[in-house]
Amino acid sequence: MIQFFVGMQILTLILTTAIFILLILIFFIYKIGIKQGKAQAEIQWEQQLTSLRSDIANNQRANIKGKVAETFAPFLYGFPFKPSECKFLGAPIDYVVFEGLDDRNIKGIHFLEVKSDTAKLSKHQKHIKDLIDSLKTDKVTFSEFNFQSQKENPKDENELKEF
C-alpha cells in the first residue's frame, strides 16, 4: 500500500511537472506568436505606407496641375471666351467672364468653372449653378469648361488657340 501511495505521489509529481512544462511551452509559443504578429504587422504597415505616400503624392500633383490649369484655362484650346474678358476668382467659381468687355459693350456675364478629366462640381458650386440657372436668362449663365489633363501637345498648329 505504501508503494501505491509512493507511486501515486510520483505520478502526481510527473503530471504536475508535465503540466508546468506544458504551460511554460504555451507561454513561450504565445510570446513568439505575438512577436511574429507584430513583425508581420510592421512589414504590412511599411508596405501600405509606401503605397499611401505614393497616393498622397499623386493627389497633390493632380491638385497642383488642376490649380495651374485653372489659372491658364483661358489660353487652352477650346476655351469659349476671350482671355482678356475673363476675371479669375479661383473659389468658389473659377472665372467671371464679362462677354463683350473688350468692345466696351457687355452682352452677358458668365460664371465659368474649369474642370479637368472627370472632376465634378462641388456642393457649393452646384448650388451656385442652380441659383444662376433659375434666373432663366442667357445674359447671366453658369457653364463648365472641361479639358483633358493628359492630352498630348496638339499635333498640328490648327489645334492651338489663337488669341
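Notes on the structure in this doc start here. (Residues numbered from 1 in each chain as written. Predicted model: local features only at pLDDT ≥ 70, side-chain atom pairs only at ≥ 80, totals over all residues. Heavy atoms only, no water.)

### Quick look at the side chain of Glu-85
By the element assignment, Glu-85 lies in the loop between α1 (2–72) and β1 (86–88). For the buried Glu-85, no salt bridge exists, and the shortest N-O distance to an oppositely charged side chain is 4.3 Å, to Lys-82. Within the structure, Glu-85 has its side chain in polar contact with the backbone nitrogen of Asp-102 (distance 3.4 Å). With residues up to four places along the chain from it excluded, the contact list for Glu-85 reads Val-96, Val-97, Phe-98, Glu-99, Gly-100, Leu-101 and Asp-102. (Helix = DSSP H or I, 4+ residues; strand = E, 2+ residues; numbered from the N terminus. Buried < 20%, exposed > 50% of the residue type's maximum accessible area, 1.4 Å probe, protein only. Lys, Arg positive; Asp, Glu negative; His and termini not counted. Salt bridge = Lys/Arg side-chain N within 4 Å of Asp/Glu carboxyl O. Polar contact = N/O pair within 3.5 Å; in protein donor to acceptor, adjacent residues only side chain to side chain. Contact = heavy atoms within 4.5 Å.)

### Here's the deal with the pairing of strand β2 (residues 95–99)
With three bridges joining them, β1 and β2 adopt antiparallel strand pairing. Residue Phe-88 lies in a different strand from β2, and its bridge partner there is Tyr-95. In this sheet, strand β3 (residues 108–116) lies alongside β2 in antiparallel orientation, the contact comprising five bridges. Bridging across to β3, Glu-99 finds its partner in Gly-108. (Pairing = 2+ DSSP bridges.)

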